[in-house]
Amino acid sequence: MKVLLSKGLLAAVLIGIGVGINATYDSYRGTGLSRVPELGPQRLEAADSQVSGTASNARAGVAGAAAERAEAAVVRPDAAALRPVAPGELLLYPTLAKGMRTPFDLWRYYGRGVSSFSSPILPMRFDQWLEFHRKQKPSLMRDVRAYMAERFDFSGKVLPDTEMSGGKGVMAGPVARLSSSVASYEALAELTPSEVRKRDLFPYKPLAHPLQTVAHMVFPETWIKAHPEHRRIDVDMDFPEAYLPEFPPPLFLTTHKELGDVANGREVTIDNYYEIFDGLLTPEQMEGLKELLRPSPTTWFNHTDHRVTELPSRGVACFDCHVNGHTNGAFELGPDSRPNMARLRTDTPTMRGNFNLMQLSSKRSIRSMDHFSEVEEYFDGDPGMQQAIGPRAVKREVTNRMGDFNALLDYPPAPKLDPLMRLVPEKSTEAELRGETLFHGKAQCAKCHYGPAFVDDYMHDLQVERFYVGRPEGPIKTFPLRGIKDSPPYLHDGRCPTLHDTVEFFNVVLQLHLTLQEKNDLVAYLLCL
């Protein structure tokens, strides 16, 4: 009788915990906010201004009526009403559990996490985790699409007579939306940084991961259609397919330029790589390519319950994001920082031309292809997660071979450039030639983008926070411009969907005062690289 009573009591406790978790998540869902962590004595005096900003934060995480509900619901831990944030001040990161929604304006937040180390344990059973995201994902993605539509006009307009290397159209821009209080991009560029910041006019604020408490790789729909095992239960791609790289992209080798696209329009996989490359690569390079194509467990794509796929997953391969040695536009978070919400969203960069680069990571000094291949970022910079889920366990000589194959990936042809990377006048238009002059002159592009890859291999801090209230992002690696038309969207987080947006961004940030004609000429030149 006592045993039955004990079992009954234990069952009641477990049911109560489960109901409590569900109730907590259900009450949280749709607000995009959570409680703010309590502060130490040294910060209590400033707490009211630092943890507030209810209206703007709620609208960044939810849309329409949901924002109004969030405004009414947000309270401090002591239940006191929040007051508006003081101008220029940042907010403390909210305390959130895995899976909970995060504000879309995470650049406005700062602070430190509870710990640098994460856990392979979900906050609930996997069946509850699955059901939670089935409920949350539709409303989250509606709000994501609404937020992106507020920031960008994805009109679908294509540049005439312009294609990526594999034939996909290149999108026209700029598509970032301007405030109604500024007449044009040219008018915006005439304002001082402090005025742009004060009036909140900057259209190129950072992009956060739509669900940064989980984060990890988000693949585009074209990839998901070919690889449904990577469809996430919690979040989808937030960019339209038209504004992403082509799939599958061409693959060019430095050792066989006469062949053009060695893949012949196919996605290179572990099933077909031998057929495609046998007789073109050395055995050592073939081994490296095989390892780049071999899936392995990651933080959230794996065989355990700590995953974001409905079914257990074999994991992710290097070339699942860097498809054909290029990119499919998938995004992740850089592993460089903690807490998790301080990590920067990063688009997948192309691997083309890495043989000519000396900096191979966005914020850290990784100086060789071998080192780059050794760095295990599938576990978000947390070796403890490797131990719990299963490391790649690739030996140094194997990562060497991976690096050796990566070093064969070439840029696409640029028929208008001569051996010294200058335009051939007879092959170029007047607009392209004017753009080249601007590139090396008034636009100051060549100060950071020069040489055969159009990159200086340094990191630069653009101090973009001069133009909006936000946390400084610090130095970011310069991106090579060779073959740039094949790699949208631009900047490390994709906040510039088109080349036109990129030119507008730098025109404002560097205060170049380019005219509309000059900006169009500069884009015409960039399309030649």
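Residues numbered from 1 in each chain as written. Predicted model: local features only at pLDDT ≥ 70, side-chain atom pairs only at ≥ 80, totals over all residues. Heavy atoms only, no water.

1. Here's the deal with the packing of aromatic side chains
In step 1: All told, the structure shown has 21 aromatic pairs when counted by the stated rule.
In step 2: Look at Phe 152 and Phe 239: their rings are 6.2 Å apart centre to centre, the planes differ by 40°, and that puts the pair in the tilted class. Remark: Phe 239 occurs in the loop between helix 8 (221–226) and helix 9 (273–277) and Phe 152 occurs in the loop between helix 5 (126–151) and strand 3 (158–163); sequence separation between them is 87 residues. Each member of the pair, Phe 152 as well as Phe 239, is classed as buried.
In step 3: Measuring from centroid to centroid gives 6.1 Å for Phe 202 and Phe 505, while their planes differ by 55°, and the two rings are tilted. With Phe 202 in the loop between helix 7 (193–198) and helix 8 and Phe 505 in helix 16 (residues 499–509), this residue pair connects regions lying 303 residues apart in the sequence. (Phe/Tyr/Trp six-rings, centres within 6.5 Å; stacked < 30°, edge-to-face > 60°. Helix = DSSP H or I, 4+ residues; strand = E, 2+ residues; numbered from the N terminus. Buried < 20%, exposed > 50% of the residue type's maximum accessible area, 1.4 Å probe, protein only.)

2. Observations regarding the nonpolar core
In step 1: Trp 129, Phe 202, Phe 219, Phe 439, Phe 454, Leu 522 and Leu 526 are the most contacted members of the largest nonpolar core, which has 83 residues in total.
In step 2: When residues of this core are assigned to their parent elements, the largest contribution, 9 residues, is made by helix 5.
In step 3: Look past the residues within four positions of Trp 129 in its chain and what remains in contact with it is Lys 98, Gly 99, Leu 122, Pro 123, Met 124, Val 214, Ile 233, Trp 300 and Arg 307.
In step 4: Tyr 273, Met 286, Leu 289 and Leu 408 belong to the second largest nonpolar core, which has 21 residues in total. (Core = buried A, V, L, I, M, F, W, Y, C linked by side-chain atoms within 4.5 Å. Contact = heavy atoms within 4.5 Å.)

3. A few points about the side chain of Glu 518
In step 1: Within the secondary structure, Glu 518 is located in helix 17 (residues 516–526).
In step 2: For Glu 518, a relative accessible area of 18% gives the class buried.

4. Considering the pairing of strand 3
Moving residue by residue along a regular strand, the side chains alternate between the two faces of the sheet.
In step 1: Here strand 3 pairs with strand 4 (residues 169–171) via 2 bridges, running antiparallel. The residue of strand 4 that forms the bridge with Val 158 is Met 171.
In step 2: Once strand 3 ends, the chain turns through 5 residues before running back antiparallel as strand 4, passing Gly 167 with a positive phi of about 110°. (Pairing = 2+ DSSP bridges.)

5. Things to note about the packing of helix 16 against helix 17
In step 1: Running from N to C, helix 16 and helix 17 point in directions that differ by 125°, and their axes come no closer than 10 Å. Accordingly, the angle class assigned to the pair helix 16 and helix 17 is oblique. When you trace helix 16 past helix 17, the crossing you get is right-handed. The residues of helix 17 that touch helix 16, namely those facing Leu 499, His 500, Val 503, Glu 504 and Asn 507, are Lys 519, Asn 520, Leu 522, Val 523 and Leu 526.
In step 2: Its residues assigned to classes, the contact of helix 16 with helix 17 shows 5 nonpolar, 3 polar and 2 charged. (Axes fitted to C-alpha atoms, helices over the stretch in contact; angles between N-to-C directions. Parallel < 35°, antiparallel > 145°, perpendicular 65-115°, else oblique. Left-handed = near helix turned anticlockwise from the far one by under 90°. Nonpolar A, V, L, I, M, F, W, Y, C, P; charged D, E, K, R; others polar.)

6. Let's talk about the side chain of Asn 272
In step 1: In this fold, Asn 272 is placed in the loop between helix 8 and helix 9.
In step 2: The exposure class of Asn 272 is buried, given its relative accessible area of 14%.
In step 3: In this structure the side chain of Asn 272 is engaged in a polar contact, spanning 3.0 Å, whose partner is the backbone oxygen of Glu 267. (Polar contact = N/O pair within 3.5 Å; in protein donor to acceptor, adjacent residues only side chain to side chain.)

7. Thoughts on helix 14 (residues 396–406)
In step 1: Turning to helix 14, its buried residues are Val 398, Thr 399, Met 402, Gly 403, Phe 405 and Asn 406. Along helix 14, the residues classed as buried sweep out an arc of 160° about the axis, all on the same side. (Arc of directions from axis to C-beta.)

8. Brief notes about the confidence of the model for the protein chain
In step 1: Confidence in the prediction of the protein chain, expressed as mean pLDDT, is 86, and 81% of residues score 70 or more.
In step 2: Below pLDDT 50 for its whole length, residues 28–87 participates in 99 contacts with residues either more than four positions away or in separate chains. (pLDDT = per-residue confidence, 0-100.)

9. Re the state of the cysteines
In step 1: Here the structure, examined in full by the defined rule, presents 0 disulfides.
In step 2: We note that Cys 318 lacks a disulfide partner, and the nearest cysteine sulfur, in Cys 321, lies 9.0 Å from it.
In step 3: The cysteine Cys 445 is free of any disulfide, with Cys 448 supplying the nearest cysteine sulfur at 9.0 Å.
In step 4: The exposure class assigned to Cys 445 is buried, which follows from its relative accessible area of 17%. (Disulfide = S-S within 2.5 Å.)

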